[in-house]
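Per-entry structural report
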Amino acid sequence: MGPLSLYRKFLVVPVRRGQCYGQTVTVADEKLLGLGHRGVSGGDIQKLLEEAEVEVTEEGGVPPRGPRRAPKSSSIVLFPGQGSQQVGMAKGLLKFPNVREMFDVAHRLLGYDLLELCLRGPQETLNKTVHCQPAIFVTSLAATEKLSQENPEAVESCVAVAGFSVGEFAALVFAGALDFTEALYAVKVRAESMQEASELVPSGMLSVIGHPQTKYNAACAEAREHCRSLGLQDPVCEVANYLFPDGRVIAGHVEALKYLQSNSRKYRFLRTKLLPVSGAFHTRLMEPAREPLCKVLKNLNFKQPYVPVFCNVDGKRYKRASNIHQLLTKQVVSPVKWEQTMHAIYERKKGTDFPYTFEAGPGKQLGSVLKKCNLKAWHFYRDIDVFEEQESGQT
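Residues numbered from 1 in each chain as written. Predicted model: local features only at pLDDT ≥ 70, side-chain atom pairs only at ≥ 80, totals over all residues. Heavy atoms only, no water.

- As annotated in an unreviewed UniProt entry, the protein chain is Malonyl-CoA-acyl carrier protein transacylase, mitochondrial from Xenopus laevis.
- You can read under Pathway (unreviewed entry) in the UniProt record for the protein chain the words "Lipid metabolism; fatty acid biosynthesis."
- The UniProt entry for the protein chain carries this comment under Catalytic activity (unreviewed entry): "holo-[ACP] + malonyl-CoA = malonyl-[ACP] + CoA". (UniProt positions renumbered as here; feature names shortened; annotations may be inferred.)

Following this line, the structure appears as structure tokens:
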């Protein structure tokens, strides 16, 4: 019996075919929510928002449409990634069903008290890749428990989900594509492998705000050439995150990032900031992390998502459950195409209303990014507060 088989007995959050996260779904509900296996093409969320409630016959036929669902009565849920962690997160979630059980499962699986770390830190320990990825994953899904209690319609009417980096695992669990415990085990292996890979060479990530004329790839190429002049073999410097128009995260060897900061005016960077992370995530410097993660993902039981889930690698909707493990493995060494994902989800005809967007997890970073990608969609954004109970009420 392998490690994964041992951890399956700790599963306490039943997310399986026929359910959304914490919500039973009937066949009729599947069509109402746009959750049928036939689905839609990537990015065509507008069709989901206008989908009629229909019954699916035994022969697979579809009767005439019923009343349309207005876009404003639909929702989208976004899950944040590494960098959103903060001591005190999950404090505002403990009274909601399943939350303590989720952290109990995490305690047994991870071998340390994740809830204690989230609540009391220290921040330095929480910031480590090996700890913060599981912490964000569990806290984000715990936040959906709060959402389902305070605003069940937001869960029932969800038409699309997406997660940034490790947040994609939470999105897949929420959409019913993966069981909670299996996903947590994969996140554990992912975090450990990425932590080990980041310790092999001095590397990091640089947040950059530029101009429309900024040529990020050319700047990265010159930074790599600078590293070669210093004697560094096969240097890495590339765009790791596409956040919003003129907003990028560049990752690679430390020498390359320092060069870009020193020459920011030359490359028309308005602002640069080194991020508090341990490595060049989503670049080929994470290659050592691929094999351990791939081995785990191959053994997981992925199911067809009941809500369209958008992939970081290409910004498109997952079409087949059989491809999910391959793309999650590729994600570790590929740039996160978040800006492209936002355009795919929120693109619609002029004059069409937007759905409500909920950020499930610590912080409001994805809300800030959404504001820069699509101001009109951001007006319908809400964060699910995971810190103090008295500060909630936005859901």
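More follows now that the structure is in view.
Let's talk about helix α9 (residues 167-174)
- Most of α9 is tucked away: eight of the eight residues are buried.
- Among all positions in α9, only Gly167, Glu168, Phe169, Ala170, Ala171, Leu172, Val173 and Phe174 are buried.
- Positive phi shows up at Gly176, right after α9, with a value of about 80°. (Buried < 20%, exposed > 50% of the residue type's maximum accessible area, 1.4 Å probe, protein only. Helix = DSSP H or I, 4+ residues; strand = E, 2+ residues; numbered from the N terminus.)

Thoughts on the environment of Lys95
- Here Lys95 shows up in the loop between β3 (75-79) and α4 (99-110).
- Each C-alpha atom of the pair Lys95 and Glu145 lies 9.9 Å from the other, and the pair is 50 residues apart in sequence.

Quick look at the pairing of strand β4 (residues 158-163)
- Most of β4 sits inside the fold, with six of its six residues counted as buried.
- In the sheet, β3 pairs with β4 via five bridges, with the strands oriented parallel. Across the sheet, Ser75 pairs through a bridge with Cys158, a residue of β4.
- As paired elements, β4 and strand β9 (residues 309-310) share two bridges and run parallel to each other. The residue bridging Val161 from the neighbouring strand is Val309, located in β9. (Pairing = 2+ DSSP bridges.)

Points about the packing of aromatic side chains
- Counting across every chain of the model gives seven aromatic pairs.
- Look at Phe79 and Phe174: their rings are 5.8 Å apart centre to centre, the planes differ by 55°, and that puts the pair in the tilted class. Linking Phe79 in strand β3 with Phe174 in helix α9, this pair joins segments that are 95 residues apart in sequence.
- By relative accessible area, Phe174 is classed as buried at 1%.
- Taken together through their ring pairs, the aromatic side chains of Tyr216, Tyr259, Tyr267 and Phe269 make up a single cluster.
- If you follow Lys371 out to its NZ or CZ, it ends over the ring of Trp378, 4.3 Å from the centre.
- The lysine or arginine in question, Lys372, covers the ring of Phe244, its NZ or CZ lying 5.3 Å from the ring centre. (Phe/Tyr/Trp six-rings, centres within 6.5 Å; stacked < 30°, edge-to-face > 60°. Lys NZ or Arg CZ within 6 Å of the ring centre and 35° of its normal.)

Some thoughts on the sheet that holds strand β5 (residues 203-210)
- In space, the five strands of this open sheet follow the order β8-β5-β7-β6-β10, with mixed pairing throughout. What marks the edges here is a single partner per strand, and that holds for β8 (269-274) and β10 (336-337).
- In terms of strand pairing, strand β6 (residues 237-244) meets β10 through two bridges, oriented parallel. Paired with Asn241 across the strands is Val336, a residue of β10.

Overview of the side chain of Gln195
- Within the secondary structure, Gln195 is located in helix α10 (residues 180-198).
- The class for Gln195 is buried, based on a relative accessible area of 14%.
- At 3.2 Å, the side chain of Gln195 forms a polar contact with the backbone nitrogen of Val130.
- Of the polar contacts made by the side chain of Gln195, one reaches the side chain of Glu199; its length is 3.1 Å.
- The contacts of Gln195, once residues within four sequence positions are left out, are Lys128, Thr129, Val130 and Ser278. (Polar contact = N/O pair within 3.5 Å; in protein donor to acceptor, adjacent residues only side chain to side chain. Contact = heavy atoms within 4.5 Å.)

Observations regarding the layout of surface pockets
- Of the volumes computed, that of the largest pocket is approximately 800 Å³.
- Considering the residues around the largest pocket, the lining is formed by 29 residues, among which Ser207, Leu243, Val249, Leu275 and Gln365 are closest to the centre.
- When contributions to the lining of the largest pocket are tallied by element, the ones reaching two or more residues are β5, β6, β7 (247-253), β8 and α16 (365-373).
- Counting residues per element, the lining of the largest pocket draws most heavily on α16, at five residues.
- When its residues are assigned to classes, the lining of the largest pocket shows 14 nonpolar, 11 polar and four charged.
- Each of domain 1 (70-198 + 286-384) and domain 2 (202-279) accounts for three or more of the residues forming the lining of the largest pocket. (1 Å grid on protein atoms, 1.4 Å probe; cavity = no way out; pocket = protein on both sides within 12 Å on 5 of 7 lines; lining within 4 Å. Points joined across faces, edges and corners; volume = space filled by probe spheres on them. Nonpolar A, V, L, I, M, F, W, Y, C, P; charged D, E, K, R; others polar. Domains from an automatic or database assignment.)

Thoughts on the packing of α4 against helix α7 (residues 129-150)
- Direction vectors running N to C along α4 and α7 enclose 160°, while the axes themselves pass 9 Å from each other. In terms of orientation, α4 and α7 fall into the roughly antiparallel class. In this structure, α4 meets α7 at a crossing whose hand is right-handed. Contact residues: Val99, Met102, Phe103, Ala106 and Leu110 in α4; Pro134, Val138, Thr139, Leu141, Ala142 and Glu145 in α7.
- For the contact of α4 with α7, a count of residues per class yields nine nonpolar, one polar and one charged. (Axes fitted to C-alpha atoms, helices over the stretch in contact; angles between N-to-C directions. Parallel < 35°, antiparallel > 145°, perpendicular 65-115°, else oblique. Left-handed = near helix turned anticlockwise from the far one by under 90°.)

A closer look at unusual backbone geometry
- In this structure, the amide linkage connecting Gly121 to the following residue, Pro122, adopts the cis form with an omega of 15°.
- For Pro122, the location among the structural elements is in the loop between α5 (114-120) and α6 (123-127).
- The backbone phi angle of Ala90 is positive, close to 90°, even though this residue is not glycine.
- Counting through the fold element by element, Ala90 comes out in the loop between β3 and α4.
- Its identity as a non-glycine residue notwithstanding, Asp234 has a phi of 50°, on the positive side.

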